[in-house]
Amino acid sequence: MAFSLPALPYSTNALAANGMCQETLELHHGKHHNAYVTALNGLIEAKGLAGKSLEAICAEAGKAGADGLPVLNQAGQHYNHILFWHVMQPGGGGDVLPGALAAKIDSDLGGLAAFKEAFKQAGVTQFGSGWAWLIIGADGKLKVTKTPNGANPISTGEGKPILGVDVWEHAYYLDFRNVRPNYLDNFLNKLVNWEVVADLMGKGGLASGQSA
Ligand code: MN3
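Just so we're clear, the structure is a prediction, and the values are computed from it rather than from any experiment.

Following the sequence through the fold, Val-144 ends up in strand 2 (residues 142-148). Residue classification places Val-144 among the partly exposed positions, given a relative accessible area of 24%. Residues Val-144 and Lys-104, 40 residues apart in the sequence, show an inter-C-alpha distance of 13 Å. Every residue in contact with Val-144, bar those within four places of it in the chain, is listed here: Leu-109, Phe-115, Ala-118, Phe-119, Ala-122, Trp-133 and Leu-134.

This is the structure we're talking about:
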C-alpha cells in the first residue's frame, strides 16, 4: 500500500467565485499536496511506517520530537490537506450552523462571533507557515489552536481537528497576495462547509482511511 492523493470533493474552478481561484487549487492540490504524498511514500520503508494509519503516523512522529520531523512534515501535511479540502464548499461560510455545532460553539467558545475572531487571530498570529484549527480537546470541549508547518493537533496531542485552515502563503497568495487576514475572513464567510464540520464533531474527528 501507499498513500494516495484524494480527489477534490469539487472541481478546481468550483471555489473561484468564493475567493479561491482555479490556479490556486490546481497548484495547491495538484502540486503541493501531491508532493507531500510522494515524499511520504518515499519514507515508508526507511522509517518503518508500513501498515500504519496516517493518524497513527502523525501521533508517533509528534511524540518523537525532532527525530520525527522528517516524517511529520509529510504525514502531517497529507492529513492536514485532506481535512482542508473536506471542510470547504462552493458558497459555504456564513452564520447559519447546524444546531448541535452552534450550541457547542456557544457553550465552549462563547458564541459564533467570538469563535470566528479567535480562529482568525490564531491564523493571523501563526508566524510563518502553519495552520489554525478548531479541535475537540482531550476534555471533550471545543478549542481554537494553531500549529506551525506540518504539525497538527494529532501530532501535538491536543485533540481531534474538525476544522482547519492552511496559512502557508501558497494557500492564499494568488487570491489575497500578502493579506492573510482577508483570506481568513473569506474562508470563514464564504468557504467553510459547516455541515461537514458538524458531521466531524459528531464522529469525533476525521478518519482519513489511509494507511501506509
Ligand atoms: Mn498547503
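Next, the rest of the story.
Spatial ordering of the open sheet is given by 2-1-3, a layout of 3 strands whose pairing is antiparallel. Both outer strands of the open sheet, strand 2 and strand 3 (159-166), are each paired with one neighbouring strand and no more. With direction set aside, neighbouring strand axes in the sheet form an average angle of 30 degrees. Bridge count between strand 1 (residues 130-137) and strand 3: 7 bridges; the pairing is antiparallel. Each residue of the ladder has a partner; that of Trp-131, found in strand 3, is Asp-166. Where helix 3 (residues 69-86) meets the sheet, its contacts fall on strand 1 and strand 3, and the angle it forms with strand 3 comes to roughly 75 degrees. Across the face of the sheet, helix 8 (residues 194-203) comes into contact with strand 1, strand 2 and strand 3 while running at roughly 160 degrees to strand 3.

To continue, consider the packing of aromatic side chains. This model, assessed by the stated rule, comprises 11 aromatic pairs. Counting every residue linked through ring pairs, the aromatic cluster contains Phe-84, Trp-85, Phe-115, Phe-119, Trp-131, Trp-133, Phe-187 and Trp-194.

With distances of 1.9 to 2.1 Å, the protein atoms coordinating the manganese ion are His-28 (NE2), His-81 (NE2), Asp-166 (OD) and His-170 (NE2). Counting gaps between the donor residues of the manganese ion yields the pattern H-x52-H-x84-D-x3-H. A single burial state applies to Asp-166 and to His-170, both of which are buried.

Another point: unusual backbone geometry. The phi dihedral of Asn-149 is positive, around 50 degrees, even though this residue is not glycine. The topology assignment puts Asn-149 in the loop between strand 2 and strand 3. The backbone phi angle of Arg-177 is positive, close to 50 degrees, even though this residue is not glycine.

Our next topic: the pairing of strand 2. Pairing analysis gives 7 bridges linking strand 1 to strand 2, with the strands arranged antiparallel. If you follow Trp-133 over to strand 2, its bridge partner there is Thr-145. Here strand 1 hands over to strand 2 after 4 residues, with Gly-140 in that stretch at a positive phi of 85 degrees.

Before going further, it helps to spend a moment on the side chain of His-28. Relative to the elements of secondary structure, His-28 occurs in helix 1 (residues 22-41). Residue class for His-28 comes out buried when judged on its relative accessible area of 0%. A distance of 2.9 Å separates a polar atom in the side chain of His-28 from a polar atom in the side chain of Asp-166. Among all residues touching His-28, those that are not within four sequence positions of it are His-33, His-81, Phe-84, Trp-85, Asp-166, His-170 and Ala-171.

Cut-offs applied
- Residues numbered from 1 in each chain as written.
- Predicted model: local features only at pLDDT ≥ 70, side-chain atom pairs only at ≥ 80, totals over all residues.
- Heavy atoms only, no water.
- Helix = DSSP H or I, 4+ residues; strand = E, 2+ residues; numbered from the N terminus.
- Buried < 20%, exposed > 50% of the residue type's maximum accessible area, 1.4 Å probe, protein only.
- Contact = heavy atoms within 4.5 Å.
- Pairing = 2+ DSSP bridges.
- Axes fitted to C-alpha atoms, helices over the stretch in contact; angles between N-to-C directions.
- Phe/Tyr/Trp six-rings, centres within 6.5 Å; stacked < 30°, edge-to-face > 60°.
- Donors = N, O, S within 2.8 Å, 3.2 Å for Na, K, Ca; no water.
- Polar contact = N/O pair within 3.5 Å; in protein donor to acceptor, adjacent residues only side chain to side chain.

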